[in-house]
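Examining the three-dimensional arrangement
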Amino acid sequence: MPVSELSRRTCGRSLQGVQVSASRRSGTTDELGPDEPEPDGSDLLAALLDGMDAALCAFDADGVVTHWNREAERILGWTAAEAVGRRGFAGWAVRTADAEEVEGRLLSAMEAPGRQVNEFALLTKEGGRVLVRTQSAAVRGPDGKPAGVYCAFSEVHAQIDLERSIALSEALFADASWGVVLVDADLRPAVVNAHAARALGMGRTAVLGRPLGELLSQGVEELESALTHVLAEGAPPAPAEMWVSVRSAEGEKRRCWRSGFVRLASPLTEEPVPLGVGWLFQDVTEARQTEQEAALLRFRANQLHRAARAAAECEDPGEAATVHLDFSLAGFADHALIDRVAGGPVADGEGPVRLVRAVATPAGAPGPSLLTGKAGLPVRYAEGHPALQCVERAGSVRAGSAESTPERTREWALARQWPADSVHALCAVLRSRGRTLGVVTFLRGAGRSRFERADAMYAEDVAARIAMALDLEGLVERP
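Notes on the structure follow. (Residues numbered from 1 in each chain as written. Predicted model: local features only at pLDDT ≥ 70, side-chain atom pairs only at ≥ 80, totals over all residues. Heavy atoms only, no water.)

1. Comments concerning the sheet that holds strand β1 (residues 55-60)
Strands pair in a sheet through their backbones, by hydrogen bonds, and they do so in one of two ways: parallel or antiparallel. What the five strands build is an open sheet, ordered β2-β1-β5-β4-β3; its pairing is antiparallel. The outermost strands of the open sheet, each flanked by one partner alone, are β2 (65-68) and β3 (116-123). Taken over all neighbouring pairs, the strand axes of this sheet differ in orientation by 30° on average, direction set aside. Bridge analysis of β3 against strand β4 (residues 129-140) gives eight bridges, and the strand direction is antiparallel. Bridge assignment links N118 to a residue of β4, and that residue is T134. Each of β1, β3, β4 and β5 (146-155) touches helix α6 (residues 96-107); the most contacted strand, β3, lies at about 150° to it. Against the sheet, helix α7 (residues 156-172) engages β3, β4 and β5, with an angle of about 75° to β5. (Pairing = 2+ DSSP bridges. Helix = DSSP H or I, 4+ residues; strand = E, 2+ residues; numbered from the N terminus. Axes fitted to C-alpha atoms, helices over the stretch in contact; angles between N-to-C directions. Contact = heavy atoms within 4.5 Å.)

Here is the structure:
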């Protein structure tokens, strides 16, 4: 049966035009003749066939090749002129020993429902072998009867690479133990996996399309800056750690995310067009907090050691107390005060006491602590003052301003006889030989966080050293 007749019977007028166009480009002739006009749409269908990413060939009912596109030529090296019109693959695209089996499996698609998938080893024009995966299905004529077979094929390794990519994407968005977020060019989440949704405190669909500022209360600017950089410049050379605060029903949670970024570009364009950014992150908050706490403990232990060495060289025990106070301020507080019990140390259970300011750090520019209180005048502390509570309890007391405006916070600090910029306070009792000598007060400004339990433990260590120095001072001054 002539090739063009098969095209008219199996593929209709449009597919016939494709065959004619493909044959004429390759230099072969067909029954239509060179001067006969081609049917409408043939050039378009020929272009579509030649532009396919998969190789395509077709056979008539007798096994004669009727179609052969450019991708098939690229994979095997045989041109359309060399392939169209051949009967089967024997002797040129398949080894003769394998030809019967290959052709039988391909042509069996005419009688089978749906598509059939097979793998064959085909021969290239240079004599090499290429393992391909084929999908074949029947081509039916106007009467509905099978009249041929079309076969799309691609190299197995390319198909496997595609399947691996798809499998990787599915695994990342289903079972990954770290967060994966695809952010579009507008910096809005487009796809979110389950781990990332849990980290953001929302459902997977609730996160999509929302600005990052609605998901994070702190760290948004840093994250958006990183995403914008990746869109413009590409992926950074190493992961970045970012501290963020996540909005949740329980309130804000501060987290540290170790983040990696990759730019996503469309594979279907000649020039890379950014589709967005792939953001992968892992929560490392506990590890970073542990590292920070260990570093802070090392620093504070070193400060206590240095203070003890420096205080040991002081002839005056009172000066040694100020040395301990000055060393303790580094990285811990902005101001510090030492108030001594008026009239000397008191035992537990003795009546209300009055406190005299003994040492204070400068309220303005930083500098060494200054000895004050030589006149012995009591500090005007109101009832319920944190320093007085500290003496009564013989334990540490923490306090902080709950005022909402700077003016009210300033009034709060001045009412307690503290520097005007004080926002957080920590009072530690000075105890030595079972008696109370006074109180040391550490103060922080608005730029620092409130005192925590670990801070109180450090303050108590400093207070114990200051109390020993002040107790020694009293023993030296005693006749």
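2. Points about the pattern of salt bridges
Where charged atoms of side chains with opposite charge meet at close range, the side chains can pair. This structure, assessed with the given rule, holds 20 salt bridges. With a closest N to O distance of 3.1 Å, R95 and D98 form a salt bridge. Taking the relative accessible area as the measure of exposure, R95 reaches 40% and is therefore partly exposed. For E241, the salt bridge goes to R258, with nearest N and O atoms at 3.1 Å. Taken together, the positions of E241 in strand β9 (residues 240-246) and R258 in strand β10 (residues 253-265) put the pair 17 residues apart, joining distant regions of the chain. Look at R258 and you get partly exposed, because its relative accessible area is 35%. Because the salt bridges share partners, they merge into one network encompassing E241, R258, R288 and E291. (Salt bridge = Lys/Arg side-chain N within 4 Å of Asp/Glu carboxyl O. Buried < 20%, exposed > 50% of the residue type's maximum accessible area, 1.4 Å probe, protein only.)

3. Examining the sheet that holds strand β7 (residues 189-192)
With antiparallel pairing, six strands are arranged side by side in an open sheet as β7-β6-β11-β10-β9-β8. Unpaired on one side and paired on the other, β7 and β8 (216-218) mark the two borders of the sheet. Here the average twist between neighbouring strands, direction ignored, is 45°. Examined bridge by bridge, β9 and β10 share seven bridges and lie antiparallel to one another. Bridge pairing in β10 places E241 opposite R258.

4. A closer look at the side chain of E71
Inspection of the secondary structure assignment puts E71 in helix α4 (residues 70-76). Residue class for E71 comes out buried when judged on its relative accessible area of 16%. Polar contacts involving the side chain of E71 include one to the side chain of R74, which spans 2.7 Å. Those residues within four positions of E71 in sequence are excluded, and the remaining contacts are M52, D53, A54 and A55. (Polar contact = N/O pair within 3.5 Å; in protein donor to acceptor, adjacent residues only side chain to side chain.)

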